[in-house]
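# Structure at a glance
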Amino acid sequence: MSSAYEQLRAEGYFETFAGSGTCVVRSIPADALRPEFVNVQGTLGSISKSQAPRRISPRVELMRVPAQTWSNKLVAFRMNLPALEHFPTEVWSKLVNLNSRRPTRQSLAYGDAMGYVPLREAIAEYLGAVRAVRCEPSQILVTTGSQQALQLSAQVLLDANERVWVEEPGYLGARQALLMAGAQLMPVPVDDEGLDVAAGIRRAGSARAVYITPSHQYPLGVTMTATRRMLLLRWAARKGGWIIEDDYDSEYRFGGRPIPSLQGLDTSERVIYIGTFSKVMFPALRLGYMVLPKDLVHAFYTARDATDQFSSTLYQAVMTDFIREGHFARHIRRMRILYLERRTALVEAIQQHMSGKLVVIGAEAGMHFVALLPPGVSDVKVAKRAAEIGISAMPLSSCYLKPPARAGLVLGYGGTDVQQIQEGIRKLKTIV
Ligand SMILES: Cc1ncc(COP(=O)(O)O)c(C=O)c1O
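Parameters at a glance
Residues numbered from 1 in each chain as written. Predicted model: local features only at pLDDT ≥ 70, side-chain atom pairs only at ≥ 80, totals over all residues. Heavy atoms only, no water. Pairing = 2+ DSSP bridges. Helix = DSSP H or I, 4+ residues; strand = E, 2+ residues; numbered from the N terminus. 1 Å grid on protein atoms, 1.4 Å probe; cavity = no way out; pocket = protein on both sides within 12 Å on 5 of 7 lines; lining within 4 Å. Points joined across faces, edges and corners; volume = space filled by probe spheres on them. Nonpolar A, V, L, I, M, F, W, Y, C, P; charged D, E, K, R; others polar. Axes fitted to C-alpha atoms, helices over the stretch in contact; angles between N-to-C directions. Parallel < 35°, antiparallel > 145°, perpendicular 65-115°, else oblique. Left-handed = near helix turned anticlockwise from the far one by under 90°. Contact = heavy atoms within 4.5 Å. Phe/Tyr/Trp six-rings, centres within 6.5 Å; stacked < 30°, edge-to-face > 60°. Buried < 20%, exposed > 50% of the residue type's maximum accessible area, 1.4 Å probe, protein only. Salt bridge = Lys/Arg side-chain N within 4 Å of Asp/Glu carboxyl O.

### Thoughts on the sheet that holds strand β6 (residues 194–195)
Spatial strand order, β3-β10-β9-β8-β7-β4-β5-β6: 8 strands in an open sheet with mixed pairing. Each end of this open sheet is capped by a strand with a single partner; those strands are β3 (140–143) and β6. Pairing of strand β5 (residues 184–191) with β6, which is carried by 2 bridges, proceeds in the antiparallel orientation. Among the inter-strand pairings, D191 is bridged to a residue of β6, identified as G194.

In structure tokens form, the structure reads like this:
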């Protein structure tokens, strides 16, 4: 009892008057204990359930996220999931230990908003060798993943109501980042050659920017042809448009060498290149990077500093060692073989059990492909039923802004082993 009294006194609920004892502080507003300020548990400050939704920024309303009708569990065909059980955790944890055991003053203090210099050097070297990106370490900004890079790009490059081309169908995360910045989305169709640049010019020739996945279009898997790349770069140079290139999974190409980046072909410094370690390492690492035109470095530095300052120095240092000691290149090589095996198993299982029902497209690279459904079949309904039987199958229609041109399932195989693939397709057969 006396400790409760002492606590209330320490928190300033009581005032004491010489000679007349202690009473409740008079400056506490009389209506502070009205029911609308007290929730079920009786604590102060919450709203009653009957109250109408409170006003928040309309930007959130703008995001129009499609209803999640498919499963996001870590089950067969879950998208964007690498083979986590094949990640070299022993090497990784050894490097985490080493880096945490001997921290310097610098490694524990505030870091550089552009990122840890040795990591930026390692990324620049890697991108030059593997993705034909032309850059210096000073142009690299380390992020917490592609999503942050997209958000920073939208904030730095766009004003409210400016128009941006987005691929149709395309990546929901990019659309959300652009909408949060108040951009107007201009869906531009994707065909067998990638984004239809001429259609974009017809629709919105003076758009401010374009978001694009040229090496492996998300979700259709198309590789943008050289002609289309040249057309897009020419449009950007002439109109002063920005090209936001999202190169999210192009390390995994199964026939031939990876496709060089669009950034490497750009002579007018119009491309903002975005990459991530989420697919080649693991998503929870939350590390990615951007390659910026030199004249934009300061603006992006300022925006990153104002957002969340910088990424974890410890994990940036561990990532640097992981690259420098050769583990990164080795892991990618091993995963390329594994994903090829999984992709082949999924294509074969579909041919064996569901030929005539599912038609595979865009399976030359990455960790997912699209399986088109027969005309008239609703991919949303199939995805919903699949979720009920423990399968994650994202409906292709959820990637469209306009009424969808095609129905299909976007099937991830990176995090699904061969046995789960075979079982998964047998289950899927029962519901399509
Ligand atoms: C096309 C595309 N871009 C970006 C991302 C986001 O990756 P990150 O985890 O780096 O934010 C994803 C993730 O799934 C993706 O599919």
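Still more ground to cover, so stick around.
### Side note on the layout of surface pockets
By volume, the largest pocket is sized at about 760 Å³. Contributing to the lining of the largest pocket are 35 residues, with R78, N80, Y171, Y218 and K279 lying nearest its centre. A per-element tally of the lining of the largest pocket places helix α7 (residues 172–180) first, with 3 residues. In terms of residue class, the lining of the largest pocket is built from 18 nonpolar, 13 polar and 4 charged. Around the second largest pocket sit 19 residues that line it, and T104, Q106, S107, Y116 and T313 are the ones nearest its centre. Where the lining of the second largest pocket is concerned, the elements lending two or more residues are α3 (89–101), α4 (105–108) and α11 (313–324). It is α11 that contributes the most residues to the lining of the second largest pocket, 4 residues altogether. Classifying every residue of the lining of the second largest pocket gives 8 nonpolar, 9 polar and 2 charged.

### Considering the packing of helix α12 (residues 327–354) against helix α14 (residues 418–431)
Their axes nearest at 9 Å, the elements α12 and α14 cross at an angle of 25 degrees. Classified by the angle their axes make, α12 and α14 are roughly parallel. Relative to α14, α12 is oriented so that their crossing is right-handed. Note on element contacts: α14 touches α12 through V418, I421, I425, R426, L428 and K429, opposite E341, R342, A345, L346, A349, I350, H353 and M354.

### Some details on the packing of aromatic side chains
Tallied over the full model, the rule gives 15 aromatic pairs. Seen from their ring centres, W165 and W235 are 4.4 Å apart, and the 25 degrees between their planes marks the pair as stacked. A residue pair is termed long-range when its members are at least 10 positions apart, and W165 in strand β4 (residues 163–168) and W235 in helix α9 (residues 226–239) qualify at 70 residues. Look at W165 and you get buried, because its relative accessible area is 0%. Under the relative-accessibility criterion, W235 is labelled buried at 4%. Taken together, the aromatic side chains of F87, W92, F282, Y315 and F322 make up a single cluster linked through ring pairs.

### A word on the pattern of salt bridges
Enumeration according to the criterion identifies 9 salt bridges in this entry. A salt bridge links E85 to R342; the nearest nitrogen and oxygen atoms lie 3.2 Å apart. On the criterion of sequence distance, the pair formed by E85 in the loop between α2 (58–62) and α3 and R342 in helix α12 is long-range, its members being 257 residues apart. You can call R342 buried: its relative accessible area is 3%. One salt bridge in this structure joins D308 and R304, with 2.8 Å as the shortest N-O distance. Using a relative accessible area of 0% as the deciding quantity, one classes R304 as buried.

### A closer look at unusual backbone geometry
Along the chain, E168 connects to P169 via a cis peptide bond; the corresponding omega equals 0 degrees. Position of P169 among the secondary structure elements: in the loop between β4 and α7. Y218 connects to P219 through a cis peptide bond whose omega is 5 degrees. Examined against the element boundaries, P219 turns out to sit in the loop between β7 (209–212) and α9. In this structure, N161 is a non-glycine residue whose phi angle is positive, near 70 degrees. With respect to the helices and strands, the residue N161 is situated in the loop between α6 (146–157) and β4.

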